[in-house]
Amino acid sequence: MKTLVISDLVTMRSALAQMAGICLLVYVFISFATQSIVAGAAAVAVMVPFMYFFTVSAYDETHNWELFRLTLPMTRRQVVFGRYASLLVVIAASLAVSFAFGVLLALAAGALAGSLGVVVPEGLLPQGDFVPVIFGAAVMPVVIMLVACSLALPLVLRYGVTKGTRLVPVAVVLIMAFAIYLVGDGGLGAGALEGLEAWLAQGSNLAVVCGLSVAASLVLYGASACVAARLYERREL
């Protein structure tokens, strides 16, 4: 599996470098446009994994690489777990880069405003406990990305990126409709959002939610890998 992870990352090396450069520019643009570092951190934390997921999946169908890979001394289960692992590495790296760049941007903005007297939007300045806020802003989109990949990867590995991506929007729409029913007016969870918002306002509860969300998404991600492995073993190529 380690070989497959390295293979994915080496194959995507130049693409990842381009994605990182583009996303850093997007980070600065979004931060200044919205006057908020939080918005930039959230956007970049999910952009690179999102682009990586579709690009590396498309590479599988380029020049019959997927067929050639199966002639190597490795099982289909290893192929699936390798893909899940490489995507997880990219997600973790994206989170770290997004968080680090957010902190550096805030410190740089503070230095410009303090030492040089440059007028900087207030949302870009380091205020209070800004480090946990930036980290939380980067973590939650990563959780969303993990959940999205947990739904999409089994479909892509079973049907290929061309057919599989047609089914992903259907699954997402059905899940969103069910979620709206649960938390909407008259739904089973009516009023839950108001209570959750009040609970999150109580200091350290946000950190608890972030930790539990990451743990739950990783469990779902692991379960998805097992399902995808079984589906890929039955796929005829």
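Residues numbered from 1 in each chain as written. Predicted model: local features only at pLDDT ≥ 70, side-chain atom pairs only at ≥ 80, totals over all residues. Heavy atoms only, no water.

A.B. asks: Could you give an account of the overall build of the protein chain, with specific residues and numbers?
C.D. replies: A count of helices and strands for the protein chain gives eight helices and zero strands. Shown N-terminal to C-terminal, the secondary structure of the protein chain runs as helices and strands in the order α-α-α-α-α-α-α-α. In the protein chain, buried positions account for 35% of the 237 residues. The long-range fraction of contacts in the protein chain, counting pairs at least 24 apart against all pairs at least 6 apart in sequence, stands at 77%. As displayed, the protein chain offers around 13,000 Å² of accessible surface, 72% of which is attributable to carbon and sulfur atoms. (Helix = DSSP H or I, 4+ residues; strand = E, 2+ residues; numbered from the N terminus. Buried < 20%, exposed > 50% of the residue type's maximum accessible area, 1.4 Å probe, protein only. Contact = heavy atoms within 4.5 Å. Areas by Shrake-Rupley, 256 points an atom, 1.4 Å probe, with all protein chains shown as cover.)

A.B. asks: Residues and numbers for the pattern of salt bridges, please.
C.D. replies: In the structure shown here, the tally under the stated rule is six salt bridges. For Arg 69, the salt bridge is made with Glu 66, and the minimal N-O distance between the two is 4.0 Å. Remark: Glu 66 and Arg 69 occur in helix H4 (residues 65-69); sequence separation between them is three residues, near one turn of the helix. One salt bridge in this structure joins Glu 233 and Arg 77, with 3.4 Å as the shortest N-O distance. A residue pair is termed long-range when its members are at least 10 positions apart, and Glu 233 in helix H8 (residues 205-234) and Arg 77 in helix H5 (residues 76-115) qualify at 156 residues. Accessibility expressed as a relative area gives 41% for Glu 233, which makes it partly exposed. Several salt bridges converge on common partners, so that one network encompasses Asp 8, Asp 60, Glu 66, Arg 69, Arg 83 and Arg 235. (Salt bridge = Lys/Arg side-chain N within 4 Å of Asp/Glu carboxyl O.)

A.B. asks: Residues and numbers for the packing of aromatic side chains, please.
C.D. replies: The geometry of an aromatic ring pair is captured by two quantities: the separation of the ring centres and the angle between the planes. This structure, assessed with the given rule, holds six aromatic pairs. Geometrically, the ring pair formed by Tyr 27 and Phe 101 is edge-to-face, given 5.1 Å between the ring centres and 70° between the ring planes. Taken together, the residues Tyr 27 in helix H2 (residues 13-34) and Phe 101 in helix H5 connect sequence positions 74 residues apart. We classify Phe 101 as partly exposed; its relative accessible area is 22%. These aromatic residues form a ring-pair network of at least three members: Phe 50, Phe 53 and Phe 54. It is Arg 76 that lies over the ring of Tyr 232; its NZ or CZ is 5.5 Å from the centre. (Phe/Tyr/Trp six-rings, centres within 6.5 Å; stacked < 30°, edge-to-face > 60°. Lys NZ or Arg CZ within 6 Å of the ring centre and 35° of its normal.)

A.B. asks: I'd love a proper account of the packing of H2 against helix H3 (residues 37-60), names of residues and values included.
C.D. replies: Direction vectors running N to C along H2 and H3 enclose 155°, while the axes themselves pass 8 Å from each other. Classified by the angle their axes make, H2 and H3 are roughly antiparallel. The chirality of how H2 crosses H3 is right-handed. Contacts between H2 and H3 involve Leu 16, Met 19, Cys 23, Val 26, Tyr 27, Ile 30, Ser 31 and Thr 34 from the first element and Ile 37, Ala 39, Gly 40, Ala 41, Ala 43, Val 44, Met 47, Val 48, Met 51, Tyr 52 and Thr 55 from the second. (Axes fitted to C-alpha atoms, helices over the stretch in contact; angles between N-to-C directions. Parallel < 35°, antiparallel > 145°, perpendicular 65-115°, else oblique. Left-handed = near helix turned anticlockwise from the far one by under 90°.)

A.B. asks: Outline the side chain of Ser 57, supporting the account with residue identities and numerical values.
C.D. replies: In this structure, Ser 57 sits in helix H3. A residue is classified by how much of its surface remains accessible, and Ser 57, at 3% relative accessible area, is buried. Setting aside residues no more than four positions away along its own chain, Ser 57 makes contact with Arg 83, Val 156 and Val 161.

A.B. asks: Break down a nonpolar patch on the surface for me, with residues and values.
C.D. replies: On the surface, a nonpolar cluster with roughly 190 Å² of combined accessible area is contributed by Val 147, Leu 151 and Leu 220. In this fold, Val 147 is placed in helix H6 (residues 130-183). (Patch = residues over 30% accessible without salt bridge, like charges linked within 9 Å, V, L, I, M, F, W, Y side chains within 5 Å.)

A.B. asks: Account for the environment of Gly 211, naming residues and giving values.
C.D. replies: Inspection of the secondary structure puts Gly 211 in helix H8. A relative accessible area of 40% places Gly 211 in the partly exposed class. In sequence terms Gly 211 and Val 139 are 72 residues apart; their C-alpha atoms lie 9.1 Å from each other.

A.B. asks: Break down H2 for me, citing the residues and quoting the values.
C.D. replies: With 22 residues, H2 should cover 32 Å at 1.5 Å per step; its first-to-last C-alpha distance of 31 Å lies within 8% of that length. Every buried residue of H2 is accounted for by Ala 15, Met 19, Cys 23, Tyr 27 and Ser 31. Considered in projection along H2, the buried side chains sweep an arc of 120° and stay on one side of the axis. In this structure, H2 carries Ser 14, Ala 17, Gln 18, Leu 25, Phe 29 and Ala 33 as exposed residues pointing more than 90 degrees from its buried face. One or two positions beyond H2, positive phi appears at Gln 35, with a value near 55°. (Expected span 1.5 Å × (residues − 1). Arc of directions from axis to C-beta.)

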